[in-house]
Amino acid sequence: MIFRPIVLQELDTALTCLRSDPSTTISAEVVRARIADGEYRPEWIWIAEAGPERVPLALAIWWGLPDDILPRSLDALFTTEAATALTNLDTPGPGARLLPSDPRSAIAAALLTAAHQVFAADSLAVPPEYHLFLPANWRGQPEAAAAVEWRREAAKLAGLRLATERLRFEWEAERPVPTVSERLVFTPEPDDEVFVDLFRRALPGSLDAATTRESLLLGPAEQARNDVAFYHHDMLGDRSWWRIARTPTGQVVGFGIPSRNSAASVVGYLGVLPEFRGRGFVAEILAEVTRVLATEAMATAIRADTDLANHPMIAAFELLGYRETARRLVLSAD
């Protein structure tokens, strides 16, 4: 088998590997659009081929921002009918010759491993996460559960062993815009360093798995600085939307980052300082973020993600009329 990135002239052939699948929203039209805007690159679209005829077996598509040199996440993983028919495949990994029950897992794992090795040689220290975009009740849908099963096995064989499930919520314009908090005063703050300090102070006890993991790898100060840089420079929201939440006496309670990406307005980030948690302030900050996006950004829909384990955040979304629309399973390296 051959594992390699495609060249742009092969795009149409590569896209024949795509199928309608409950693990992703990616279609041929989406791929072409994201190549045009720089979020996908030919060198981030890898194909597995077999035999002298170069029969396509699998396709992997990674995503990044237009200015990125290396990809940030894996968006989609497909195999073809030819892959399903193959047997007696070795799985990748140090000393590993275990045979997964589904040959698709072995082929996809080998493809991911080959790409990870190239990304590592290009100085990407940790393999990109794999994001599976799923229906809200995917475990109760046999087709969706099966689509996750073989992909999760492939990701595990390729080193992506950690799993975090995130819920996607959405607020729509026909719902009432939340009222202004009576306990908090919200003000903009132009100084990025103030937000760096707030991100750092909000880290202890955070229920966001990705933030916690990154802070352990980088340290709280660098993690906070990276977060502020991401929302300021990489996201498309207006910097003037950012808010600090204070009590009427001036105590800082937390902050909210209304923003948007290339697809929609989003609740970018929301933090409550540890000493003020457990008092319902998370819902009031979310209400202000929603109000800013609905009235200042004129958003007709607002999306937001939170971890399955983040019960206070989930309760806040439900309280303010957000509804769960999908889930995202994030598979990452140890």
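Residues numbered from 1 in each chain as written. Predicted model: local features only at pLDDT ≥ 70, side-chain atom pairs only at ≥ 80, totals over all residues. Heavy atoms only, no water.

Asker: Is there a simple way to explain the overall build of the chain in this structure?
Answerer: Counting its regular elements, the chain contains 10 helices and 12 strands. Against the compact-globule benchmark of 20 Å for 334 residues, the chain has a radius of gyration of 21 Å, which places it among compact chains. Expressed as lengths along the three principal axes of its C-alpha atoms, the size of the chain is roughly 75 × 40 × 35 Å. When burial is assessed residue by residue, the chain has 52% of its 334 residues classed as buried. Of the contacts made within the chain by residues no fewer than 6 positions apart, 70% connect residues no fewer than 24 positions apart. (Helix = DSSP H or I, 4+ residues; strand = E, 2+ residues; numbered from the N terminus. Rg over C-alpha atoms; globule rule 2.2 N^0.38 Å. Buried < 20%, exposed > 50% of the residue type's maximum accessible area, 1.4 Å probe, protein only. Contact = heavy atoms within 4.5 Å.)

Asker: Would you mind showing me how to read the sheet that holds strand β8 (residues 243–246) here?
Answerer: The strands that make up a sheet are held in pairs by hydrogen bonds between backbone atoms, and each pair lies either parallel or antiparallel. As summarised here, the arrangement of the 12 strands in space is β1-β2-β3-β4-β5-β12-β6-β11-β10-β9-β8-β7, forming an open sheet in which the pairing is mixed. The open sheet has two edge strands, β1 (2–5) and β7 (185–187), and neither has a second partner. Here the average twist between neighbouring strands, direction ignored, is 30°. The pairing of strand β4 (residues 73–79) with strand β5 (residues 129–135) spans two bridges and is parallel. Residue Leu74 lies in a different strand from β5, and its bridge partner there is Tyr130. (Pairing = 2+ DSSP bridges. Axes fitted to C-alpha atoms, helices over the stretch in contact; angles between N-to-C directions.)

Asker: Explain unusual backbone geometry here, please?
Answerer: Even without glycine at this site, Ser123 takes up a positive phi of about 85°. With respect to the helices, strands and loops of the structure, Ser123 is situated in the loop between α4 (103–121) and β5. You can call Ser123 exposed: its relative accessible area is 65%.

Asker: What is the right way to read the packing of aromatic side chains from this model?
Answerer: Pairs of aromatic rings are described using the distance from one ring centre to the other and the angle between the two planes. The final tally for this structure, using the stated rule, is 13 aromatic pairs. Taken together, a centroid distance of 4.7 Å and an interplanar angle of 45° make the contact between Phe199 and Tyr269 tilted. A residue pair is termed long-range when its members are at least 10 positions apart, and Phe199 in helix α6 (residues 192–202) and Tyr269 in strand β10 (residues 265–272) qualify at 70 residues. Of the two residues, Phe199 and Tyr269, neither departs from the other in class, the shared state being buried. Relative to Tyr269, the ring of Phe255 has its centre 5.9 Å away and its plane inclined at 5°; by these criteria the two rings are stacked. On the criterion of sequence distance, the pair formed by Phe255 in strand β9 (residues 252–260) and Tyr269 in strand β10 is long-range, its members being 14 residues apart. Grouped by ring-pair contacts, the aromatic residues Phe195, Phe199, Phe230, Tyr231, Trp242, Phe255 and Tyr269 constitute a single cluster. (Phe/Tyr/Trp six-rings, centres within 6.5 Å; stacked < 30°, edge-to-face > 60°.)

Asker: Even after reading the chapter, I still don't get the pairing of β5, so can you show me in this structure?
Answerer: Sheet faces and side chains relate simply in a regular strand, where the side chains alternate between the two faces. When β5 meets strand β12 (residues 323–332), the two strands line up antiparallel, connected through six bridges. By the bridge assignment, Pro135 is partnered in β12 with Ala326.

Asker: How should the confidence of the model for the chain be read in this particular structure?
Answerer: One rule of thumb: low pLDDT means the predicted coordinates there are not for detailed reading. Per-residue pLDDT for the chain has a mean of 93; in total, 96% of the residues score no lower than 70. Low pLDDT, under 50, characterises residues 90–98; the stretch is placed with 16 contacts to residues that sit more than four places away or in other chains. (pLDDT = per-residue confidence, 0-100.)

Asker: Could you clarify how one ought to interpret the packing of helix α7 (residues 209–218) against helix α8 (residues 220–234) in this entry?
Answerer: Their axes nearest at 7 Å, the elements α7 and α8 cross at an angle of 125°. Taken together, α7 and α8 sit at an angle that is classed as oblique. For the element pair α7 and α8, the recorded crossing hand is right-handed. Residue-level inspection shows Thr211, Glu214, Ser215 and Leu218 of α7 in contact with α8, the latter providing Pro220, Glu222, Gln223 and Asn226. Per-class residue counts for the contact of α7 with α8 are two nonpolar, four polar and two charged. (Parallel < 35°, antiparallel > 145°, perpendicular 65-115°, else oblique. Left-handed = near helix turned anticlockwise from the far one by under 90°. Nonpolar A, V, L, I, M, F, W, Y, C, P; charged D, E, K, R; others polar.)

Asker: Which parts of the structure should I look at to understand the pattern of salt bridges?
Answerer: Where charged atoms of side chains with opposite charge meet at close range, the side chains can pair. All chains considered together, the criterion is met by 31 salt bridges. The shortest N-O distance in the salt bridge between Glu49 and Arg4 comes to 2.9 Å. Of this pair, Glu49 sits in strand β2 (residues 45–50) while Arg4 is found in strand β1, placing the two residues 45 residues apart along the sequence. Assigned by exposure class, Glu49 and Arg4 land together as buried. (Salt bridge = Lys/Arg side-chain N within 4 Å of Asp/Glu carboxyl O.)

Asker: Looking at this structure, I do not really get the side chain of Arg328. What am I missing?
Answerer: Its place among the elements puts Arg328 in strand β12. Apart from the residues within four sequence positions on either side, Arg328 is in contact with His131, Leu132, Phe133, Thr164, Glu165, Arg166 and Asp305.

Asker: What am I meant to see in the environment of Leu203 here?
Answerer: By the element assignment, Leu203 lies in the loop between α6 and α7. For the pair formed by Leu203 and Pro103, sequence separation is 100 residues and the distance between their alpha carbons is 42 Å. Residues within four places of Leu203 in sequence aside, it is in contact with Thr211, Ser215, Pro220 and Gln223.

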